[in-house]
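Take a look at the letters that make up each chain.
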Amino acid sequence: RQLDMFRAKHLELESQLTALIDIARENDTSFNRLHQLTLTLLEANDLEQVVSKLEFALSDYFGADFISLRIIAAGFESNRLSDLFIAPEHPDLHNFELIFARTEPQCIQPSMEQADFLFGENALDVKSCAIIPLVHTHIQALLAIGSREESRFHPSMGGLFLSRIGEIVSMRLASLL
């Protein structure tokens, strides 16, 4: 009987070890993707290239279905990237007050108002998303990564890599604005 208990414990520990190795492999893959994102953004020479390369990198390296970047700043109405900028007094920003208050990425199923503000015509297709407040520099912005899958982004997900993405994007934007 004791031998059976030891075998069961051995199998349980072996299963836990396998799970930890799988997590380590996933983290290694995510780290490499994050590195590729950083290198890709460093290649950009202006804001338009940053946006383009960010969309490419998040889609290609991370499999994102939808990407939205909204920079909260006034005075860019005549800019060719004016749809990227949102006035600080924009009424839809109140839907993101809690996210800005926490300053951490949130993995959620967005409300229709949030999805419409971030993803526009694709709002109905976004079933889950990660919303990353970019508050690491003098810039205030939102980066949203949307998915067609309800389970892709969920509240119990860890936010370490999302936070790092936010820091990288914030610093790159700050260097260009």
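Just so it is clear, the structure is predicted and the values come from calculations on it, not from any experiment. (Residues numbered from 1 in each chain as written. Predicted model: local features only at pLDDT ≥ 70, side-chain atom pairs only at ≥ 80, totals over all residues. Heavy atoms only, no water.)

Undergrad: Before we go on, may I ask you to explain unusual backbone geometry in this structure?
TA: Glycine aside, a negative phi is what most residues show, and trans is what most peptide bonds show. The phi dihedral of Thr103 falls on the positive side, at around 55 degrees, and the residue is not glycine. Note on Thr103: relative accessible area 40%, which makes it partly exposed. (Buried < 20%, exposed > 50% of the residue type's maximum accessible area, 1.4 Å probe, protein only.)

Undergrad: Explain the nonpolar core to me, please; I cannot follow it from the model alone.
TA: One broad rule of soluble globular proteins: the nonpolar side chains tend to lie buried together. One finds Leu58, Leu69, Ile71, Leu143, Ile165 and Leu173 to be the most contacted residues of the largest nonpolar core, which totals 33 residues. Elements with a minimum of two residues in this core: α1 (2-42), α2 (47-62), β1 (66-72), β4 (128-134), β5 (141-147) and α5 (160-176). Here this core gets 8 residues from one element, more than from any other, and that element is α2. In terms of nonpolar packing, the next biggest core, distinct from the first, is built from 16 residues, Ile72, Ile86, Phe100 and Leu118 among them. (Core = buried A, V, L, I, M, F, W, Y, C linked by side-chain atoms within 4.5 Å. Helix = DSSP H or I, 4+ residues; strand = E, 2+ residues; numbered from the N terminus.)

Undergrad: Mind showing me how you'd approach the packing of aromatic side chains here?
TA: The geometry of two aromatic rings is summed up by the distance between their centres and the angle between their planes. According to the stated counting rule, one finds 3 aromatic pairs in the structure shown. Ring centres of Phe96 and Phe117 lie 5.4 Å apart, and the angle between their planes is 45 degrees; this geometry places the pair in the tilted category. Residue Phe96 is found in the loop between β2 (85-86) and α3 (97-102), and its partner Phe117 is found in helix α4 (residues 112-119); the two are separated by 21 residues along the sequence. Neither Phe96 nor Phe117 differs from the other in exposure class; each is buried. (Phe/Tyr/Trp six-rings, centres within 6.5 Å; stacked < 30°, edge-to-face > 60°.)

Undergrad: Explain the layout of surface pockets here, please?
TA: Empty pockets left among the atoms are what a rolling probe the size of a water molecule brings to light. Here the largest pocket is characterised by a volume of approximately 330 Å³. If you trace the largest pocket, you find 13 residues lining it, with Ser30, Phe62, Met157, Phe161 and Leu162 closest to the centre. At the level of elements, α1 and α5 are the ones that each hand at least two residues to the lining of the largest pocket. Sorting elements by how many residues they give to the lining of the largest pocket places α5 first, with 4 residues. Counted by class, the lining of the largest pocket contains 8 nonpolar, 3 polar and 2 charged residues. What the second largest pocket holds in volume is close to 230 Å³. Lining the second largest pocket are 11 residues; nearest its centre among them are Glu55, Leu69, Arg70, Asp83 and Leu84. For the lining of the second largest pocket, the secondary structure elements donating two or more residues are α2 and β1. Per element, the largest residue contribution to the lining of the second largest pocket is 4 residues, and it comes from β1. Grouping the amino acids of the lining of the second largest pocket by side-chain chemistry returns 7 nonpolar, 1 polar and 3 charged. (1 Å grid on protein atoms, 1.4 Å probe; cavity = no way out; pocket = protein on both sides within 12 Å on 5 of 7 lines; lining within 4 Å. Points joined across faces, edges and corners; volume = space filled by probe spheres on them. Nonpolar A, V, L, I, M, F, W, Y, C, P; charged D, E, K, R; others polar.)

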